[in-house]
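# A look at the structure
If you want the building blocks of each chain, they are given just below.
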Amino acid sequence: MQVQDISRERSAQLFDKAKSYFPGGVNSPVRAFKSVYGTPLFIERGDKAHLWDADGNEFIDYCCSWGPLILGHNNPQIREAVQAQLGKGLSFGAPTRLENELAELILSNNSYIEKIRFVSSGTEAVMSAIRLARGYTKRDKIIKFEGCYHGHSDSLLVKAGSGLVTFGETSSAGVPQAFADETIVIALNDKAAVQQAFADFSGQIAAIIIEGVPANNGLLIQDREYIHFLREITQQQGALLIFDEVITGFRLGFEGAAHYYGIRPDILTYGKIIGGGMPVGAYGASTEIMSHISPDGGVYQAGTLSGNPIAMAAGIAALSILSQPGFYETLAETTASFVQHIRTFIAEQGLEVKVFTIGSIFWFAFTTSENIQRADQIDPASMEKYKIMHRELLNRGIYFGPSGYEVGFISAAHTSEDIDATLKAIKESLLIACS
Ligand SMILES: *Cc1c(COP(=O)(O)O)cnc(C)c1O
């Protein structure tokens with residue numbers, strides 16, 4: 001069933017202006033809609049699961065600001081907490097009671113970290129965790145996986161070279177090769193590659209870093225046994241295991257992927273959900289490991305706006321809701337039923353598309369493969385179909401992330417009416433994309 005293209009007149013005008021101010025017209029690259037049709041939509045406001053753009057189009061949102069909005073837009077408790085704090089000043093550069101409160105809320109409900117440090121983004125959290133791992137182990141090299149994203153710090157903007165285990169190649173201009181030489185990039189879900197890396201660089205590897213569940217380049221759900229293997233081999237080799245839980249933290253459960261897999265990483269990083277929609281990141285570890293951070297220890301890390309009171313207030317309000325019993329179970333049930341409906345439809349129609357899911361995260365892959373666990377198993381040509389689906393969805397009032405490599409999120413604000421409307425739109429859009 002064909003529907004009309006939505007009007008993007010105002011958005012297009014704003015985008016033209018924006019291009020004269022910002023590189024590519026945006027302040028973060030994927031927002032530019034380079035991988036999908038049309039100009040990016042300029043958003044006016046959001047409420048619950050809904051978004052409105054500058055042309056007055058309304059959408060049900062599954063991007064959720066790339067993950068942070070697990071409670072939807074304009075959540076009343078978060079809004080009130082922020083408003084209550086607003087009249088008291090925006091920043092002091094001195095400690096506040098609110099930092100204690102958010103830390104208490106997290107640490108008393110998380111058995112994987114004993115001390116935490118707040119920063120202002122996921123990138124900063126991961127960058128600091130890497131420095132901590134290097135300072136703690138007195139080793140320089142780290143292992144990262146092709147298909148995992150850890151923010152844009154230098155040592156992590158690195159992609160796999162050729163061969164099973166190689167030094168990385170920089171994936172951004174401006175990253176010195178000398179930095180990339182300290183990062184070993186290997187394929188996911190491949191035990192032999194990890195063993196080989198430890199054999200080739202014996203005594204030099206400070207840490208393995210992996211996303212709790214790789215969800216920045218498709219949804220690459222790893223075998224549970226493989227995650228446990230990473231824990232064992234790092235322990236044997238005197239290296240640390242860093243779980244980058246910037247997406248999975250407070251998403252797969254209050255205790256994130258660590259609890260989901262039942263393993264104890266050495267350092268965990270958080271972002272996105274932790275600030276309730278405000279810019280907050282954090283890293284945490286045992287008291288012993290965290291004692292190496294300044295001013296207690298020799299690993300330097302600081303931030304003018306770290307622990308910002310407004311951001312802390314938003315985080316406290318959000319996490320208070322998330323820590324209530326049953327929150328994640330309900331969200332996972334909603335998501336499972338949503339995905340099941342789509343899978344049934346796909347099977348009935350015999351479409352070449354799969355939906356992968358974990359917790360309240362989902363991802364559409366236009367593939368015939370039963371399983372996708374590594375970055376190189378994603379066919380770039382299949383992204384053409386996502387592009388079509390994305391446009392059809394927008395035309396039917398459904399907002400997905402503007403790239404087929406991005407996952408979707410379900411929030412607690414998505415109602416059954418929202419879900420039903422979305423299912424109808426997805427079915428129609430899939431038929432068009434797969435035709
Ligand atoms: C988003 C993300 C980051 C970077 O966080 P920013 O707040 O965008 O700097 C790091 N790691 C993972 C796993 C992420 O999803």
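Residues numbered from 1 in each chain as written. Predicted model: local features only at pLDDT ≥ 70, side-chain atom pairs only at ≥ 80, totals over all residues. Heavy atoms only, no water.

### Notes on the side chain of histidine 150
- Counting through the fold element by element, histidine 150 comes out in the loop between β5 (141-145) and β6 (158-159).
- Judged by its relative accessible area of 2%, histidine 150 falls in the buried class.
- Within the structure, the side chain of histidine 150 is placed 2.7 Å from the side chain of aspartate 244, a separation counted as a polar contact.
- The contact partners of histidine 150, leaving out residues within four places of it in the chain, are Thr123, Val126, Lys144, Leu156, Ile209, Ile210, Glu211 and Asp244. (Helix = DSSP H or I, 4+ residues; strand = E, 2+ residues; numbered from the N terminus. Buried < 20%, exposed > 50% of the residue type's maximum accessible area, 1.4 Å probe, protein only. Polar contact = N/O pair within 3.5 Å; in protein donor to acceptor, adjacent residues only side chain to side chain. Contact = heavy atoms within 4.5 Å.)

### Description of the packing of aromatic side chains
- Summed over the entire model, instances satisfying the criterion amount to 17 aromatic pairs.
- Judged by centre distance (5.9 Å) and plane angle (25°), the rings of phenylalanine 356 and tryptophan 363 are stacked. Each member of the pair, phenylalanine 356 as well as tryptophan 363, is classed as buried.
- Residue placement shows arginine 45 over the ring face of tryptophan 52; its charged tip is 3.9 Å from the ring centre.
- One Lys or Arg, arginine 391, reaches over the ring of tyrosine 37 and ends 4.5 Å from the middle of that ring. (Phe/Tyr/Trp six-rings, centres within 6.5 Å; stacked < 30°, edge-to-face > 60°. Lys NZ or Arg CZ within 6 Å of the ring centre and 35° of its normal.)

### As for the pattern of salt bridges
- Throughout the structure, instances matching the rule amount to 12 salt bridges.
- A salt bridge links aspartate 376 to arginine 374; the nearest nitrogen and oxygen atoms lie 2.9 Å apart.
- Owing to a relative accessible area of 56%, aspartate 376 belongs among the exposed residues under this scheme.
- Take arginine 374: its relative accessible area is 28%, and that puts it in the partly exposed class.
- In this structure, arginine 396 engages glutamate 428 in a salt bridge whose closest nitrogen and oxygen atoms are separated by 2.6 Å. Placement of arginine 396 in the loop between α12 (383-395) and β16 (398-399) and of glutamate 428 in helix α13 (residues 416-433) is noted, with a sequence separation of 32 residues between them.
- Residue classification places glutamate 428 among the buried residues on the basis of a relative accessible area of 17%. (Salt bridge = Lys/Arg side-chain N within 4 Å of Asp/Glu carboxyl O.)

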